[in-house]
Amino acid sequence: MKLLVSIGFFFVFGIQFGFAQQTKLDTLLYNNEFKAARTHINTAFCDSTSQIVNLKFAKFYNAKKVLDSTYYHLLSIDSTSLSEKNKGDYYFLLAESYKLDDEIDFAFKHYETAKKYFQKTGFYKKENEINYSIYSILVAQENFDYDVDEFLEIFEKQAENNQWNDQLVDLNLEKAVLNFAPQFRDSVEYYLDKARNYNSKQFNPLIENEIDIYQGVYYAEILQETDTAKYFYNKIIDDISDNKNKEYLFYAYVNMASVHRYEGNIDKAIEYLKLAEVAKMNAYQKSNYKLLYELLANDFAELGQLDSALFYMKKHIAYRDSLNIDKQNVSLTKYQAERKEKQNILLQTEVEKKQQQKTNVIYGSAFLLSVSIIIGFLVFKNTKRKQFIAIQEKEIENQRIENILNEQELNTIDAMISGQEKERQRIASDLHDNIGATLSAAKLHFDYLTSNSSTANSKEILEKTKTLLNDAYQEVRSMAHLKNSGVIAKEGLLPAVKKLAKNASVKNGLQIQVNDFGLNTRLENTLEISLFRIIQELITNVIKHANATKADISLTQLKENLNIIIEDNGEGFDLAEVDSENSLGLYNIEKRIEHLEGTFEIDSKIGKGTTIIIEIKI
């Protein structure tokens, strides 16, 4: 799916729903039956290699348009070990992912590679699907002037000759767009009706929504029949609850805004644009939001609300700069030049081959006569040469086997050393993060008992200390058995943090309170463990260094972001005097948060306590 804009409206462009193999997985993904598709992968490919399983999951997440997961599975694949056909799938999925991420230059490069493998292995339908994909991305690329008609012409010829139903849908939609003009109304409706007819043979609601958007755009922007356009856009909005294509809300809302703008109702246009802003959009986020915020900026400027116009124009510029269209176009021009050069070389090679064939005919008789005279000598010489080559090949083979054995021995040693080093690092991290924290809290209780041995709550302090020492013992046993935190695995992050706060609090001493908002569901287990270890180490620092009487831990989840704030009223410290060598704990925490793609901020002043803010995308 690709977004186009013309005179202020959006419509879907270049969707392909190919059935190159008509496998069960393809069918489930085509019908958006993602739960069944995942189950099918886990059962049907359980005995396959990890390369094949990763390839299938990459296809699964690409169909769902979840780019991070798609990239993860693709990057987990050693493409050199794949078959020629699977290499075609691999590079096709890479190209699709780059296209959905608005990296058009990389998409074009990998489409060309995939096309080569599909052609080589006889998957001509998939090869033809790529012809349309390349046409779609190039024709929609801003400020890029290149003749792309050859791709559409090849696509049309192959789709019609083979009667590939799904590709004929794309072809007729493209023909409808090429006729978008008031005087060609009959042609546009003819091609849109043909697209609906081909879709009905193997009905897909996503394609039906796409055709509705094309038809709505034509009525609104070309024929200026806004009521009819609203009918098609409302039809899409109403259909969303009946299928799984929530992303189509974005296109429907933006096009509906265009209709209201055309009618002079700017307030209503802004209302629909804001609905589009919060609609789910996994694909083409940079290009779609770039255009969306430009429309919002223009509409607010039209109303004279310049503060809002400036706000959205800044957002538009940020997305525009992230696309880096000029750099993409330079790369595309380079790829196209290389492609043309290869085509010219092939053409020149073919011409030279034909010329050589003519020369061979002229000199053929003379050559055959010469061969008949010396053939006996050549047979004798060839026999001797084969014997010599056989001896050389045997020596080379022995040398190759010896090199392989040496290389395998070195790889085994490297792997063993690497594994030992990782295990040492893991044990050191667990000792620092977990057992260190527990013993620090126990020490705090003992220090309190030493200076307040006759107080009424001594028994309570002793019980807490006993509990902390028991926790430390259990942690040592868990490390010995290579297990994660039991509290995290069974109860989750929030209960574990609350237990940490309770154990670390001391009556008439440090009191730690936990506040949470929006953290209603469990996070992924490894993420929960990482976050717990980070919070645990930060509380340990408060206990050991802050001399605080109060600390607060706040956990707030807003949509896909988790905010963690840890504050204390202790002594504070001078940030300018902190370095990685003298504060290994803070340095390690910052690196772990960077690994989680989060941010880590410290605000501290001597005598005014410390505030640490962590932002994690979940």
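Reading guide: rules and limits
Each chain has its residues counted from 1, running along the sequence as written. In keeping with the model being predicted, local features are shown solely for residues with a pLDDT of at least 70 and side-chain atom pairs are shown and tallied solely at 80 or more, while totals for entire chains, interfaces and linings include all residues. The basis for the side-chain values is all heavy atoms of the structure; hydrogens and waters are excluded. The way it works is that DSSP assigns letters per residue, a run of H or I at least four long becomes a helix, a run of E at least two long becomes a strand, and they are numbered from the N terminus. The rule is simple: take the accessible area with a 1.4 Å probe, protein chains only, and divide by the maximum for that residue type; under 20% is buried, over 50% is exposed, in between is partly exposed. Contacts are assigned to residue pairs that have any heavy atoms within 4.5 Å of one another. Computed by Shrake-Rupley with a 1.4 Å probe, the accessible areas treat only the displayed protein chains as cover when residues are assessed. At least two DSSP bridges between two strands are needed for those strands to be called paired. An axis is simply a line fitted to the C-alpha atoms; with a helix, the fit covers only the stretch in contact. Between two such axes, the angle follows the N-to-C directions and lies from 0 to 180 degrees. Aromatic pairing here means that ring centres of Phe, Tyr or Trp (its six-membered ring) are within 6.5 Å. Orientation follows from the plane angle: under 30 degrees is stacked, over 60 is edge-to-face, and everything else is tilted. Definition used: whenever NZ (Lys) or CZ (Arg) falls within 6 Å of the ring centre and also within 35 degrees of the ring normal, the charge is taken to sit over that ring. Throughout, nonpolar core names a set of buried Ala, Val, Leu, Ile, Met, Phe, Trp, Tyr and Cys residues whose side chains join them through atoms within 4.5 Å. Should a side-chain nitrogen of Lys or Arg be within 4 Å of a carboxyl oxygen of Asp or Glu, the pair is scored as a salt bridge. To estimate how far a helix should extend, the number of its residues minus one is multiplied by 1.5 Å. For classification purposes, angles smaller than 35 degrees are called roughly parallel, those larger than 145 roughly antiparallel, those between 65 and 115 roughly perpendicular, and all remaining angles oblique. Helix crossings get a hand from a simple test, with the near helix turned counterclockwise from the far one by less than a right angle marking a left-handed crossing and a clockwise turn marking a right-handed one. Confidence of the predictor at the level of single residues is captured by pLDDT, which takes values from 0 to 100.

(A) Highlighting the overall build of the protein chain. For the protein chain, the count of helices and strands is 22 helices and seven strands. Burial status across the protein chain gives 45% buried among its 618 residues. Intrachain contacts of the protein chain at a sequence separation of at least 6 include 65% that bridge at least 24 residues. Carbon and sulfur atoms form 53% of the exposed surface of the protein chain, whose accessible area is close to 33800 Å².

(B) Expanded view of the environment of Tyr191. Among the structural elements, Tyr191 can be located in helix 10 (residues 185-200). Taking the C-alpha atoms as reference, Tyr191 lies 8.9 Å from Leu171; in sequence the two are 20 residues apart. Setting aside chain neighbours within four positions, we find Tyr191 in contact with Asn172, Lys175, Ala176 and Asn179.

(C) Broad picture of the sheet that holds strand 7 (residues 610-617). Taken together, five strands build an open sheet; the order of strands is 3-4-5-7-6 and the sheet is mixed. Where the open sheet ends on each side, the last strands, each with one partner, are strand 3 (511-517) and strand 6 (599-604). Each strand of the sheet is rotated relative to its neighbour by a mean of 10°, with strand direction disregarded. In terms of strand pairing, strand 5 (residues 561-568) meets strand 7 through eight bridges, oriented antiparallel. Each residue of the ladder has a partner; that of Leu562, found in strand 7, is Ile616. Strands strand 3 and strand 4 (550-558) of the sheet are contacted by helix 20 (residues 493-504), whose axis makes an angle of about 165° with strand 3. Strands strand 3, strand 4, strand 5 and strand 7 of the sheet are contacted by helix 21 (residues 525-546), whose axis makes an angle of about 10° with strand 5.

(D) Quick peek at the packing of aromatic side chains. A complete count under the given rule lists 26 aromatic pairs for this structure. An angle of 85° between the planes, with centres 5.0 Å apart, marks the rings of Tyr90 and Tyr91 as edge-to-face. Judged by relative accessible area, which is 8%, Tyr90 ranks as buried. For Tyr91, a relative accessible area of 18% puts it in the buried group. Their ring planes at 55° and their centres at 6.1 Å tell us that Phe92 and Tyr111 sit as a pair that is tilted. Of this pair, Phe92 sits in helix 5 (residues 84-100) while Tyr111 sits in helix 6 (residues 104-121); the two residues are 19 residues apart in sequence, bridging distant segments of the chain. By relative accessible area, which is 6% here, Phe92 ends up buried. Residue class for Tyr111 comes out buried when judged on its relative accessible area of 0%. Ring pairs connect the aromatic residues Phe250, Tyr251, Tyr289, Tyr293, Phe300, Phe311, Tyr312 and Tyr319, which therefore count as one cluster. Geometry around Phe92 places Lys126 over its ring, the cationic atom sitting 4.1 Å from the centre.

(E) Geometry of the nonpolar core. With 91 residues, the main nonpolar core has Tyr90, Tyr111, Leu138, Phe250, Leu292 and Leu296 as its most contacted residues. Core analysis: the next-biggest nonpolar cluster, separate from the first, contains 39 residues, Ile553, Leu586, Phe600 and Ile616 among them.

(F) Local environment of the pattern of salt bridges. What the rule picks out here adds up to 22 salt bridges. Salt-bridge contacts for Lys120 lead to Glu84; the nearest nitrogen and oxygen are separated by 2.8 Å. Of the two residues, Lys120 is situated in helix 6 and Glu84 in helix 5; the sequence distance between them amounts to 36 residues. On the basis of relative accessible area, Lys120 is assigned to the exposed category, the value being 61%. Across the pair Asp299 and Arg261 runs a salt bridge, and its minimum N-O distance is 2.9 Å. Linking Asp299 in helix 15 (residues 285-302) with Arg261 in helix 13 (residues 248-262), this pair joins segments that are 38 residues apart in sequence.

(G) Representation of helix 15 within the structure. With 18 residues, helix 15 should reach 26 Å at 1.5 Å per residue; the first-to-last C-alpha distance of 25 Å fits that figure. Looking at the residues trailing helix 15, positive phi occurs at Gly304, about 85°.

(H) Highlighting the pairing of strand 5. As paired elements, strand 4 and strand 5 share eight bridges and run antiparallel to each other. The residue bridging Ala551 from the neighbouring strand is Asp568, located in strand 5. If you look at the hairpin formed by strand 4 and strand 5, you'll find two residues sitting between the two strands, and Lys559 has a positive phi there, around 55°.

(I) Main features of helix 9 (residues 165-178). Relative to the 20 Å expected for 14 residues at 1.5 Å per residue, helix 9 spans 20 Å between its end C-alpha atoms, a close match to the ideal helical length. Counting buried positions along helix 9 gives 13 out of 14 residues, so the element sits mostly inside the fold.

(J) Broad picture of the pairing of strand 7. As judged from the six bridges shared by strand 6 and strand 7, these two strands associate in the antiparallel manner. Its bridge partner being in strand 7, Ser604 is matched across the sheet by Thr610. In sequence, strand 6 turns back onto strand 7 through a hairpin of five residues, with Gly607 there showing a positive phi of about 85°.

(K) View of the packing of helix 5 against helix 6. The geometry of helix 5 relative to helix 6 is characterised by a closest axis approach of 8 Å and an angle of 160° between their N-to-C directions. In terms of orientation, helix 5 and helix 6 fall into the roughly antiparallel class. The two elements helix 5 and helix 6 meet at a crossing, and its hand is left-handed. Only Ile104, Phe106, Ala107, His110, Tyr111, Thr113, Ala114, Tyr117, Phe118, Lys120 and Thr121 of helix 6 make contact with helix 5, whose side of the interface consists of Glu84, Lys85, Lys87, Gly88, Asp89, Tyr91, Phe92, Leu94, Ala95, Glu96, Tyr98 and Lys99.

(L) How the structure looks around the confidence of the model for the protein chain. Overall, the prediction assigns the protein chain a mean pLDDT of 80, with 77% of residues at 70 or greater. Averaged pLDDT values over the elements of the protein chain bottom out at 38 in strand 1 (residues 2-6) and peak at 95 in strand 5. Note on residues 412-417: pLDDT under 50 across the span, and zero contacts to partners over four residues away in sequence or across chains. Across residues 481-487, where pLDDT falls below 50, the model places ten contacts with residues more than four positions away in sequence or in other chains.

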